[in-house]
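Topology and contacts: notes
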Amino acid sequence: MADVHEISEFLQKGRAKNVKALVEEALAEGQDPKVILNEGLLAGMMVIGEKFKNNEVFVPEVLVAARALNAGLAILEPKLIEVGNEPVGKVVIGTVKGDLHDIGKNLVAMMMKGVGFEVIDLGVDVEPATFVDKAEENGANVICMSALLTTTMPSMQLVIDELASRGLRDKYIVMVGGAPVNQSFADQIGADYYTPDAATAAETAKAAVTK
Amino acid sequence: MNITVIRAGKETTFPGEEGVSLLQQLRKENIYISAACGGRGTCGKCKVRMVTGATKITEGDRRFFQEEELREGWRLACTAYPREDCRVLVCSDDESRFEVVSEYQGQGEAGAAESLSYDIGIDIGTTTIAIELVDTEKTQILHTVTDINHQRAFGADVISRIQASNEGQGEALKESIRRDLYEGIKRLLKESGADAGRVGRIAIAGNTTMGHLLMGYSCKTLGVYPFTPVNIGTITTSFAELFEAQIQADTENAPAISAGIVLLPGISTYVGADISAGMLACGFDQREKPCLLIDLGTNGEMAIGNRDRILVTSTAAGPAFEGGNISCGMGSVPGAIAGVSIRDGQASVTTIGDQPPVGLCGTGVIETACELVKEELVDETGMLDEEYFEEGFELAKTPEGEPIRFTQKDVREIQLAKSAVRAGMETLLLRYGVTYEDVEQVFLAGGFGYKIDLRKAIGIGMLPEEFQEKTTAVGNSSLGGTIRYLTEDRAKERLAKIVELSSEVELSSDKDFNNFYTEFMFFE
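Let us look at the structure shown here. Model, not experiment: these values are computed from the prediction.

**Section: a negative patch on the surface**
Side chains of Asp-379, Glu-380, Asp-385, Glu-386, Glu-387, Glu-519 and Glu-524 of chain B sit close together on the surface and give a patch of like negative charge. Among the secondary structure elements, Glu-519 of chain B is positioned in helix H16 (residues 511–519).

**Observations regarding the environment of Ser-478 of chain B**
Mapped onto the elements of the fold, Ser-478 of chain B is located in helix H14 (residues 477–487). Here the alpha-carbon distance between Ser-478 of chain B and Ala-156 of chain B, two residues 322 residues apart in the chain, equals 19 Å.

**Examining the interface of chain B and chain A**
With 27 residues of chain B in contact, the opposing surface of chain A contributes 24 residues. Taking both sides of the interface into account, the surface hidden between chain B and chain A amounts to around 2,100 Å²; carbon and sulfur atoms contribute 65%. Ranking the residues of chain B by area buried against chain A places Arg-40, Tyr-225 and Arg-412 of chain B at the top, with a combined share of 24%. The interface formed by chain B and chain A holds 0 salt bridges in total. Our count for the chain B to chain A interface comes out at 5 residue pairs in polar contact (both at pLDDT 80 or more).

**Concerning the pattern of salt bridges**
Residues and elements named next belong to chain B. The full count for this structure, using the stated rule, is 35 salt bridges over all chains. For Glu-11, the salt bridge is made with Arg-87, and the minimal N-O distance between the two is 3.1 Å. Highlighted residues: Glu-11 in strand S2 (residues 10–15) and Arg-87 in strand S5 (residues 86–89), separated in sequence by 76 residues. For Glu-11, a relative accessible area of 51% corresponds to the exposed category. Residues joined in a network through salt bridges with shared partners are Asp-285, Arg-484, Glu-488 and Arg-494.

**As for the packing of aromatic side chains**
All names here are of chain B. Under the definition given, this model contains 10 aromatic pairs over all chains. Look at Phe-227 and Tyr-270: their rings are 5.4 Å apart centre to centre, the planes differ by 80°, and that puts the pair in the edge-to-face class. Of this pair, Phe-227 sits in the loop between helix H5 (208–215) and strand S10 (235–238) while Tyr-270 sits in the loop between strand S11 (260–263) and helix H8 (273–281); the two residues are 43 residues apart in sequence, bridging distant segments of the chain. We classify Phe-227 as buried; its relative accessible area is 14%. Judged by its relative accessible area of 16%, Tyr-270 is buried.

**Section: the sheet that holds S10 of chain B**
All names here are of chain B. Read from one edge of the open sheet, 6 strands run S8-S7-S6-S9-S11-S10, paired in mixed fashion. Two strands bound the open sheet, and with one partner strand each, they are strand S8 (140–148) and S10. Neighbour-to-neighbour, the strand axes of the sheet open up by a mean angle of 20°, direction not taken into account. Note: strand S7 (residues 128–135) against S8, 8 bridges, orientation antiparallel. Bridged to Ile-131 within S8 is Val-145. Relative to strand S6 (residues 118–124), H14 is tilted by about 150°, and along the sheet it contacts S6, S7, S8, strand S9 (199–206) and S11.

About the criteria used
Starting afresh in each chain, residues are numbered from 1 along the sequence in its written order. Chains carry letters from A onward and ligands carry numbers from 1 onward, assigned in written order. Owing to the predicted nature of the model, reporting of local features is limited to residues with pLDDT of at least 70; listing and counting of side-chain atom pairs is limited to 80 or more, with chain, interface and lining totals taken over all residues. Water and hydrogen atoms play no part in the side-chain values, which are based on all heavy atoms of the structure. Residues enter patches when they are more than 30% accessible in relative terms and free of salt bridges; like-charged ones are connected within 9 Å and nonpolar ones (Val, Leu, Ile, Met, Phe, Trp, Tyr) within 5 Å. Note on areas: Shrake-Rupley with a 1.4 Å probe; residue coverage comes only from the protein chains shown. Each reported salt bridge corresponds to a side-chain nitrogen of Lys or Arg within 4 Å of a carboxyl oxygen of Asp or Glu. Only four residue types enter the tally: Lys and Arg on the positive side, Asp and Glu on the negative side; His and the chain ends are excluded. We put the charge of a Lys on NZ, of an Arg on CZ, of an Asp on CG and of a Glu on CD. Under the DSSP-based scheme used, a helix requires at least four consecutive residues in state H or I and a strand at least two consecutive residues in state E, with every element numbered from the N terminus. When checking whether two residues touch, look at their non-hydrogen atoms; a contact exists if any pair is within 4.5 Å. Accessible-area loss on putting two parts together, using a 1.4 Å probe and summing over both, is the definition of buried area adopted here. Distance and chemistry together define a polar contact, namely a pair of N or O atoms within 3.5 Å, with one atom able to donate a hydrogen and the other to accept it when in protein, and with adjacent residues in sequence counting only for side-chain atoms on both sides. The buried label applies to any residue whose accessible area, calculated with a 1.4 Å probe on protein chains only, is under 20% of its type's maximum; exposed applies above 50%, and partly exposed to all values in between. Pairing of aromatic rings covers Phe, Tyr and Trp, the last through its six-membered ring, and needs centres within 6.5 Å; plane angles under 30 degrees mean stacked, over 60 mean edge-to-face, and all others mean tilted. Paired strands, in this sense, are two strands between which DSSP finds at least two bridges. All axes are obtained by fitting lines to C-alpha atoms, using only the stretch in contact for helices, and the reported angles, taken between N-to-C directions, cover 0 to 180 degrees.

As structure tokens, this is what we get:
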């Protein structure tokens, strides 16, 4: 029988093909998709997240693990819907207007998936109104913004203003991050959370929606 | 409220302003203090000791000082808002000993200052400034002066300068650079004994942000996509016009220069006149086979091309190559470790000026990373050996006995930096449609590029093995370009052609770049 812990091991090594094959095998054997998800894929991603936070692994390892996660999820997702598995929440994520940086935002998106969120990735150079429109459209609970330039950080404020002007500010958990962002900036613009790294962002978001 | 500043035994007192940070007030008084992060309380460079009237302890202060230091009045000037009379001890170096590279390939010997006419070439770098006097007739370099760019008080990189300008400091930044240039030109003439009246032309090259700040343009559009500059064409002005304020303040001491000034044209917001001047110096427009110019600095500008087509880009290498974001990092000042070799877990180091070691400059950062990889103390994923994982690897001790260490986080910083350069270069080659073999020559520009040990740069994978034989360090090619511009026939047309031939590749959202960026983060 396919071992879900082995899925976790392969995922940590970034072996997308092995992950995909094992997930297929486990499903064919009739194993519970939720167990495959939680004890296989997500457990593996959690280990990577923790190591990343401790500086034991770096961006490339996280990205290859994420590729393996996606390979597994692609097979698993239809089954999860069949059995009515609910994601822990929905996250709308993007890099703010005027900023084209992609990688940090992608890391956060992957970590969010890793703790069980459904992630709607809006890409880079995202208009303030788009963050809000997409959050509303998808029934999200969390809005995540990334900025890598001190000159584009002010765009984060515009998103929060947009939420406030539509009377939606309290409906969403707003999180901010990126190299130049810090806690005092988050406080200043009225964001709910700032986290210094992708793994902490995912943990924080999960804690916030399950509170 | 009065603020008294004591630096190197000298006291200055000025009326303090409430609600304004100590750092900003020091800048206003022209008391230079480095603030790499631009006053956001994150770099810890603007340390001062408030002997009396110490301000409330901030989050930033706690990050950089021990309990005892806080009791002694140590504060970050950027988060200190004085509310009563205070005495402030400024111990940090004014960086006047910063080692500035003004040499470049093809530079001639200095001759006597008995000439009929002179020209002056100026390179404005984000960190340093170089000013050079040339004999127009004999096209001979007569004298060079260098200094740091005192805008560093507003932040180490272009983004923090743009930010400062956007926050209403534009005028102060403009005054800062104009004062630096004015004083530099005066010093150049004095030291060389050249007659001010015989200076014919002044040519200036710098990155686009430096040009904007010098001219007093708004920087609002420089920092956000689509990064539109106000003006990157050739700008002509005159000494009298550009330095009007300085001349007025200087009255009878002002040099009688009637020269015109030309700011050389750039290509885009992130590939400025310093790079187009560099391409002129390397003769891009006259080459049949493509060559590559890489300026190793925070912005990592690069260009590939020949007389038919040129592609340029810039890649966010970050400040690691200048010692920034590195735990024991520092600029290229005496005592900075620049050479490192490691054997049997023991490091031996050489420093700038053979002074006792105090920190690590950019070259030292690369050397350390390369040696750690070679000795397998860092594995191919960039992880430090277990023994050093927590505390870092000790390179040397300061005269005070403090260890100078290279930490796991430092390895990560250099991985990001070297990978940004390599990925930028690989993307350019791909877009240009050539391989390593097709590139005839590689020019490494920038002060840092001049001092780098090429084998070590290749050792960490910043450049491919294949470039070992064809790479030349060209030093300050921007300064070299201004001199070419002033002394060579048809240089103006040639530069115009270079700018015309150039088109920019935007990297931050480029799929290939992102793939390369991840791939080259490893050490292999």
